[in-house]
Structures are given as C-alpha cells and as structure tokens.
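Here is what each chain is made of, one letter per residue.
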Amino acid sequence: MTGRGVLLLDAGGPESGALARAAAARGHPVHAATATAAAYAGYGPELKALLAGRVVTDFARPDRALAEIVAYARRYDIGAVLTVNEYLTELTALVCAELGVPGNDPGRARAARDKAAMAEAFAAYGVRTPYTVLVRDDAGLRAAPEDPRIGFPYVVKPVSGAGSAGVTVVTGPAGAATAADAARAVTGMYGSGFPGILVQAYAAGTEYSVESVTQGGTTTHLAVTRKRVTGGPRRVETGHSLPIHLPPAVEAAAYREVEAAIAAAGIRHGASHTEVIVGADGRCTVIEIAARLAAGQIGVLIQHALGIDVWTALLDTALGRPAELTPTAGGYATVRFLTSPRTGRLTSVSGLPKPQPGVPFVRRRAAIGDTVHEPSTNSHRLGSFVVTGSDAAEVEERADALLRRVRIGVQPLPGPAQARPASTSAIAP
Ligand SMILES: Nc1ncnc2c1ncn2[C@@H]1O[C@H](COP(=O)(O)OP(=O)(O)OP(=O)(O)O)[C@@H](O)[C@H]1O
Ligand SMILES: [Mg+2]
C-alpha cells in the first residue's frame, strides 16, 4: 500500500464495495466508518478482507461522529473521504472540511439532505423547482392546497426521506391525512429526521435524472437517465436507462437548472444525482438533488454504456486529482428492479437471468422466507438486473422480455389483512 488512506462513511452496499475495490486496486489503504459493530458484521467477506481499519461511531449524533471520525482520520493519514449513503452526505462534507481534503461546502451541504433547506437554497439560486411549503400541523396541511401555487394534485413528502419512502401524490382532500401520516412515519436511516412535512406543487412530465461529477467547482454531466416510475399515489422507481439524448435545447436548459442546483447545494468536489421533470413544453423542473453517486445501479449503467469507471473517477475527485470522465464506449444500458406483487412471505423466485453477455449484473437481495411488500419505497425491491448493448430499443426489449420470465411466489402472511391467495405472477410494471 503506497497511497494515502481512503475513508468510506458506511461501506455497506454494492456501490461502496466498488469504491473500496477501486481504492485498494490503486494502492490506497481503505478504511470504513460504520454505525455499529453489527453494521460491520453485515459486510461481505470480500469487503472485510479489503478494509485496513474501521471506526465505529453513532451517525445519529453527528457532532460526536464528526469528532470521532476526524480523530480517526488524522491517526491514519486519510487523504480522501467519500460516501454513497444519502444520509451521510452532510457529515461527509463536514469531515472533509475539518480534515482539509477535497469535499463539498459544509455550510451548504444540508441543502442536499433536508428538503426544506433544499427548497430555500433552490429559491435563492434561481433553480426552477416546484413551489414547496413546510407544514407543521393539520391546519397547515388543510390550508396548503388552497394556495393557488399548490392546488391539486400535490405531493406530500418527508423533509429528510429517501428512496421514495413516505412520498404521496394527493389528488383530492380525502388523501391528505393518509399522505401526512406516511410522511411523518419516515424517521430516516439514523433516526435523525427533521421535523415537519413538505407539501409541494405537482410537476407534470417525464422524469429524468442527471448524473454529474464536479471537480473544483467545474461540473461534467456524465449522462441523462430516464426513470421508470409507477403511477398512482406512491411513486416507486421500477427501472432506469441511459444515456438519454434529449433535444439539444431541452438538454441545455436541464443542464442549466442542474448546475444551479449543484451550486445551491454547495457541491464542489464529488458526484451529484439531480432528479428533474421535463414538461410537455420542454421546460425542466428540479425535484431534488443528492450529493452522491446515484443509487439503483446507475453507476453500473454508466460503466457499461459509456465505459467510464465512475468509482475510480470519484476516488480521483475525492483525492483532488483530475478524474477521467470521457466516455470510451457508445452503448446503452438499462436496469429493471424486481418487486413483489403484494405483501407476504417470499416463497420462490424463478426465471431470474444469470449474468451473461449483455447482462453484466444480476442481484437478488430478498431471501426465501423474507417478508416482502407491494412496493411503496425503493427499499422494497427484491433485486435487479442490468442489460446492455449498442441499440437502445433492442436493449429495452430484451430487458422487458427477461423481466417477463421472472416469477415471484408470495404467500399471504397469517392475519385478517391477507385475504388474497398466493401469487405466481411477477413484477410491478
Ligand atoms: N413535485 C413533484 N411533482 C411530481 N412528482 C413528484 C414530485 N415530487 C416527487 N415526485 C415523485 O415522487 C418520487 C419520489 O420523490 P422524491 O424524489 O422527492 O423522494 P425521495 O425519497 O428523495 O426519492 P429517491 O430517494 O427515490 O430519489 C419522484 O421520483 C417523483 O416520481
Ligand atoms: Mg428522488
């Protein structure tokens, strides 16, 4: 090992694993900050073997976590600090600033985490975003849709949620209370939710995300991704595809909004994932920004479609070295998420493709016997697979055909709520 140490805040999950491998392959000792010893115990053997050391800290107490992580980092000559965990992006910015290593503006980092702060920052930076109000009680909730800037339909969401948890599209007065309860029930991964819920104007259109890397304040957009999302009150992602080529004027307008959002969130060194809706008039509305690499295998899609090694690029960015962001391939890639048709006990999964040419990534994350859910958040995914190739239409067709072959068996859980029979059919649309 020759390079300076690289510290990952929460190293669980496939994206962190890929970052750890990229760092180790470049000769950097890799360290992890984990929430509990149990969180570390859940890491796979390959990751554990890679780690040069770890610090266990309580992410629910950010001041203390900051002090403990910084003290650890100083002991081990840490030269780069990264996270792919949505809930730790603000803490990561604070750690970077304290250590003097490349990172995001610690004074603005909350704007990428707390959606009330995000709405304020977007307004201050002129980002086109849905009108948003922070509601603290039932009277505020009833009053919000009477504001002509909101109206019906509108969206209720938690201030600090992720993965679409607790987000509801409300189409009439009857849906408001249930939507508010769903948003209030979201506490955040480390129990550090911010108080209040948000009521937001509904932006109609097609959903995309823009995947970007910012180095020293200069942003490179790697790809526009089209999101497949369920309709109805609970919007859950069912797949992503990239690269999408928007009409040049629409793309330019989207990039302008995204760059304003990146500035608003203080993103100076690192990845960002900005979710936008493009309306029928071609205008772009920013729904949210995350100061991290996109989840949902979008990193794998970028790697296979564009030939960009995003993990090495993020490592270089975090070390303050120029990152290699030029595409070396001109392909296309898509991911499909497996979801359960209903809540119950998972009894079987069959027909899942095996990794093969054009199918570079297959992941099953639910085990037989697990309780599974009709999806209302991204965490209800049972697995995913990626399809790549040179022709977008062929790739999409192949992915759909492979998805149709997957069969998911779910047995009702005991109890009165489970009247429907077991299913042998599959997947959300
Ligand atoms: N203002 C809005 N107008 C239209 N649709 C919206 C709006 N806000 C949210 N949605 C829909 O709800 C989904 C989830 O909302 P949002 O992205 O704010 O939540 P999240 O928990 O941060 O999600 P994730 O972490 O999955 O990106 C969006 O992808 C979109 O489909
Ligand atoms: Mg989102």
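Cut-off values and rules
- Residues numbered from 1 in each chain as written.
- Chains lettered and ligands numbered in written order.
- Predicted model: local features only at pLDDT ≥ 70, side-chain atom pairs only at ≥ 80, totals over all residues.
- Heavy atoms only, no water.
- Near = heavy atom within 4 Å.
- Polar contact = N/O pair within 3.5 Å; in protein donor to acceptor, adjacent residues only side chain to side chain.
- Areas by Shrake-Rupley, 256 points an atom, 1.4 Å probe, with all protein chains shown as cover.
- Domains from an automatic or database assignment.
- Donors = N, O, S within 2.8 Å, 3.2 Å for Na, K, Ca; no water.
- Helix = DSSP H or I, 4+ residues; strand = E, 2+ residues; numbered from the N terminus.
- Buried < 20%, exposed > 50% of the residue type's maximum accessible area, 1.4 Å probe, protein only.
- Core = buried A, V, L, I, M, F, W, Y, C linked by side-chain atoms within 4.5 Å.
- Contact = heavy atoms within 4.5 Å.
- Pairing = 2+ DSSP bridges.
- Axes fitted to C-alpha atoms, helices over the stretch in contact; angles between N-to-C directions.
- 1 Å grid on protein atoms, 1.4 Å probe; cavity = no way out; pocket = protein on both sides within 12 Å on 5 of 7 lines; lining within 4 Å.
- Points joined across faces, edges and corners; volume = space filled by probe spheres on them.
- Phe/Tyr/Trp six-rings, centres within 6.5 Å; stacked < 30°, edge-to-face > 60°.
- Lys NZ or Arg CZ within 6 Å of the ring centre and 35° of its normal.

Peer 1: Talk me through the site of ligand 1; I want residue IDs and the actual numbers.
Peer 2: K115, K157, G163, E207 and E288 are the nearest of the 24 residues found near ligand 1. The contact in question runs from an oxygen atom of ligand 1 to an N or O atom on the side chain of E207, over 2.3 Å. For ligand 1, an oxygen atom lies 2.7 Å from a polar atom in the side chain of E288. A total of 610 Å² of accessible area belongs to ligand 1 in isolation, and the protein chains cover 97% of it. Counting contributing residues per domain, the shell around ligand 1 is built from domain 2 (131–201) and domain 3 (203–330), each supplying no fewer than three.

Peer 1: Explain the coordination of the magnesium ion (ligand 2) residue by residue, including any values.
Peer 2: Taken together, E275 (OE) and E288 (OE) make up the full set of protein donors to the magnesium ion (ligand 2), lying 1.9 to 2.0 Å away. With E275 in strand β12 (residues 270–278) and E288 in strand β13 (residues 284–290), the pair connects residues that are 13 residues apart, well separated along the chain. Of the two residues, E275 and E288, neither departs from the other in class, the shared state being buried.

Peer 1: For the nonpolar core, give the residues involved together with the corresponding values.
Peer 2: L8, L82, I302 and W311 are the most contacted members of the largest nonpolar core, which has 46 residues in total. The biggest single contributor to this core is helix α11 (residues 310–319), with seven residues. When sequence neighbours within four positions are dropped, the list of residues in contact with L8 reads S16, L19, A20, V30, H31, A32, A33 and L82. Within the second largest apolar cluster, 44 residues are counted, among which are A260, C284, A366 and V406.

Peer 1: Can you tell me about the sheet that holds strand β8 (residues 197–201), naming the residues and giving the values?
Peer 2: Strands sit in the order β5-β8-β6-β7 across an open sheet of four strands; the sheet is antiparallel. Each edge of the open sheet carries a strand with a single partner, namely β5 (132–135) and β7 (168–170). On average, adjacent strands in this sheet sit at an angle of 25° to one another, irrespective of strand direction. In this structure, strand β6 (residues 154–158) lies alongside β7, joined through three bridges in antiparallel fashion. By the bridge assignment for β7, V155 is matched with V169. The sheet contacts of helix α8 (residues 176–184) involve β6, β7 and β8, and relative to β6 the element is tilted by about 25°.

Peer 1: Please give an account of empty space enclosed by the protein that cites residues and values.
Peer 2: Sizing a probe to match a water molecule and rolling it over the atoms shows the empty space that remains. All told, the structure shown has three cavities of 30 Å³ or more when counted by the stated rule. Empty space within the largest cavity amounts to approximately 240 Å³. Lining the largest cavity we find 21 residues, and of these V81, L82, T83, H269 and G270 sit closest to its centre. Every element with two or more residues in the lining of the largest cavity is listed here: β4 (78–82), α5 (89–99), β12 and α11. Considering every element that reaches the lining of the largest cavity, the biggest residue donor is α5, with four residues.

Peer 1: Could you give an account of the packing of aromatic side chains, with specific residues and numbers?
Peer 2: Tallying each qualifying case throughout the model produces three aromatic pairs. On the basis of an interplanar angle of 65° and a centroid distance of 5.7 Å, the ring pair of Y40 and Y43 is categorised as edge-to-face. Judged on exposure class, the residue Y40 and its partner Y43 are both buried. Note on F152 and Y154: the rings are 5.4 Å apart at their centroids and 40° apart in plane angle, and the pair reads as tilted. Overall, the relative accessible area of 40% leaves F152 in the partly exposed class. Sitting over the ring of F337, R381 keeps its end group 3.5 Å from the ring centre.

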